[in-house]
Amino acid sequence: MNTILSKILFPVIIINLVLPYLASGDISTNVSYLKSKTPNPWLTMALVASGETANVDYLKNFTSDSAINYEAPILALAASGKDPSVFAAENLITKLKSFYSENQIGDPALLNDDIFGVLALSAAGEATSSEIIVNAKSKILSSQKPDGSFPYSVSSANGDTNTTAAAIMSLLEVGLSKNDEPVVKAVTYLKNSQNDDGGFPYDPASPWGHDSDASSDAWVISALNKIGENPSSLQKNGKSPIDHLLSLENSSGFFSYMSGATEDSFSPVTTSYALIALLGKSLPVKKLAPSDGVKISYRLEGASRQICAGEVQALNPLELVKIVSADCGFSYEITNTAYGPYLSGINNDKAAGSLGWMYTVNSKPLSDILVGANDYELKEGDSVLWFFGNWTDKLTRASLIGEIPSG
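All values derive from a computational prediction rather than experimental measurement. (Residues numbered from 1 in each chain as written. Predicted model: local features only at pLDDT ≥ 70, side-chain atom pairs only at ≥ 80, totals over all residues. Heavy atoms only, no water.)

### Observations regarding unusual backbone geometry
For the bond running from Leu283 to Pro284, omega is -10 degrees, close enough to zero to count as cis. Summarising the element assignment, Pro284 is placed in the loop between helix H12 (267-278) and strand E4 (294-301). Phi is positive for Glu102, close to 50 degrees, though the residue is something other than glycine. Along the chain, Glu102 falls in the loop between strand E2 (100-101) and strand E3 (104-105). On the accessibility criterion, Glu102 (68% relative accessible area) is exposed. Unlike most non-glycine residues, Asn347 shows phi in positive territory, near 50 degrees. Along the polypeptide, Asn347 turns up in the loop between strand E7 (340-346) and strand E8 (349-350). (Helix = DSSP H or I, 4+ residues; strand = E, 2+ residues; numbered from the N terminus. Buried < 20%, exposed > 50% of the residue type's maximum accessible area, 1.4 Å probe, protein only.)

Okay, structure coming up:
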C-alpha cells in the first residue's frame, strides 16, 4: 500500500481551529516535549500532525493478544506512510482481522475495539464494503444510546464523550455524513455535555464527578474537526473547548489532565490528543491508499481557488477525495442519494441549485461521464479533475485554471 505519492498544496479554507491555537504561540515546545518521551502510537500521530517525521522502528516487533492493542499502532503506521501489513515482523492487519468473530472486532463486550478497528482498517486502505467494516459499523450503530452517546462497553448504561467522539469519526470514515441521524444525535449529545467552563467531562452523568478534562476536550474538538464544524463556535459563558484546553497547557509543553494537575505517566498521551485536535486534525491523521489503487494525477478546483493537486493511488474519483482530504487540509461532505453517494461539499463550496461538484477524467466532456464518482473505475495514469461550478460551465472554466500535473 502506498500513501500519497506527491502533492502541491495551495491556499485553502482550513478549519478555523488552527488560527486560535497558533495565535498563542508556536508548537515547538509541545513537539520538543513529545520527542523527549518514550515513543508510542499516539505520540507518533501527534508528531506527524505537527509536520514532523516520526521514527516508528519501535513498532517493528510489536505484538499483542488483543484487538484494541493493534489499532493505535496501525493508525500510527498509516499516519507515517508505512504499510502495517509489511512494516512489522508480524502483519498487523492480518493479526487485527484475526480477532474478528461473530460479526464484530475483538471483545464482544466492548464497543471501543470496533470503533478503533474501523478507524485503523480505514487508515490502512480497507474498503468500506468489506465484511469486517460493514459488520463492525452495524455493531457501532446498534450500540448507540437513546441520548445519542456511544459507550466504551456494550453493557454500559451510559455513553461517554470520548467514545462518542471516536464513534463519530469512525462512522464518517465508513460512509455516514454529518447530516445522518446517528451522527446528528451523537453531536447533539456532545454539545449538551459541555460544561460551564467551555470544556468537556468524560461522562456528564457520572456520580464520581464531571469536571472538564484535557482528553475529553481533545476528543470532542477532533470530532468537530471531522464534521467540519469550528469548535470555537461552541461556547458556554464565552468559553469554547479550545479555550479550556489551552488553559491546561504548561510552559514545559505538556497538557495537564485537569486544572491544577501535575505531569504524570499519561501526560504524553494527553498532550498528543491535544496537539492532534488543536492542529485541526481528526482520526485517521493520515490514510494509506488502498493496495489495489492505481496511480493517478488529480486537481481540485473550488469556486474561487485551487484547493490541491498532485498524485495519489485511488480506485475511483470519490475515494481520492477522501484519501487526500487530511493532507490537503479540507473537509468534505458526501450525501447518500438514490443514485449513490454524491460529493455535496468541500469546505464552504456546497451544492445548491445548479451549482455543485463535478468530476471529469482525462478531460472528457461531462456528458460522456455516465456513472457516479464512486462507480467510475480509474486506470493507471488517469487524470482526474474535480471542480465546483455549474453544469453549463462544462469544461470552459476548468480550461482556464491550468493543466492537471502529469507527475
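### Some remarks on the sheet that holds strand E6 (residues 332-337)
Read across the open sheet, the 3 strands follow the order E6-E7-E8; overall the sheet is antiparallel. Two strands lie at the open edges of the sheet, namely E6 and E8, each paired on one side alone. With 6 bridges connecting them, E6 and E7 associate as antiparallel partners. The residue of E7 that forms the bridge with Thr335 is Tyr342. Relative to E6, helix H13 (residues 317-328) is tilted by about 150 degrees, and along the sheet it contacts E6 and E7. (Pairing = 2+ DSSP bridges. Contact = heavy atoms within 4.5 Å. Axes fitted to C-alpha atoms, helices over the stretch in contact; angles between N-to-C directions.)

### Considering the pattern of salt bridges
The tally for this structure, following the rule as stated, stands at 12 salt bridges. One salt bridge connects Lys287 with Glu173, and the closest N-O pair in it is separated by 2.9 Å. Highlighted residues: Lys287 in the loop between H12 and E4 and Glu173 in helix H8 (residues 161-173), separated in sequence by 114 residues. A single burial state applies to Lys287 and to Glu173, both of which are buried. Note that Glu301 and Arg299 form a salt bridge whose closest N and O atoms lie 2.9 Å from each other. For the residue pair Glu301 and Arg299, the accessibility class agrees, reading buried in each case. Through salt bridges with shared partners, one network takes in Glu173, Lys226 and Lys287. (Salt bridge = Lys/Arg side-chain N within 4 Å of Asp/Glu carboxyl O.)

### Thoughts on the confidence of the model for the chain
Scored by pLDDT, the chain comes out at a mean of 87, with 89% of its residues at no less than 70. Across residues 1-25, confidence stays below pLDDT 50; counting only partners more than four residues off in sequence or on other chains, it has 78 contacts. (pLDDT = per-residue confidence, 0-100.)

### Quick notes on the packing of helix H6 (residues 112-123) against helix H7 (residues 131-142)
It is the contact of H6 with H7, at a shortest axis distance of 9 Å, that shows an interaxial angle of 145 degrees. The chirality of how H6 crosses H7 is left-handed. Contact residues: Asp114, Ile115, Val118 and Leu121 in H6; Ile132, Ile133, Ala136, Lys137, Lys139 and Ile140 in H7. (Left-handed = near helix turned anticlockwise from the far one by under 90°.)

### Quick word on the nonpolar core
Trp42, Met45, Phe116, Ile168, Trp219 and Leu283 are the most contacted members of the largest nonpolar core, which totals 87 residues. Per-element tally for this core: the top contributor is helix H4 (residues 67-79), with 9 residues. Of all hydrophobic cores here, the second largest spans 29 residues; its members include Leu300, Val312, Val361 and Ile369. (Core = buried A, V, L, I, M, F, W, Y, C linked by side-chain atoms within 4.5 Å.)

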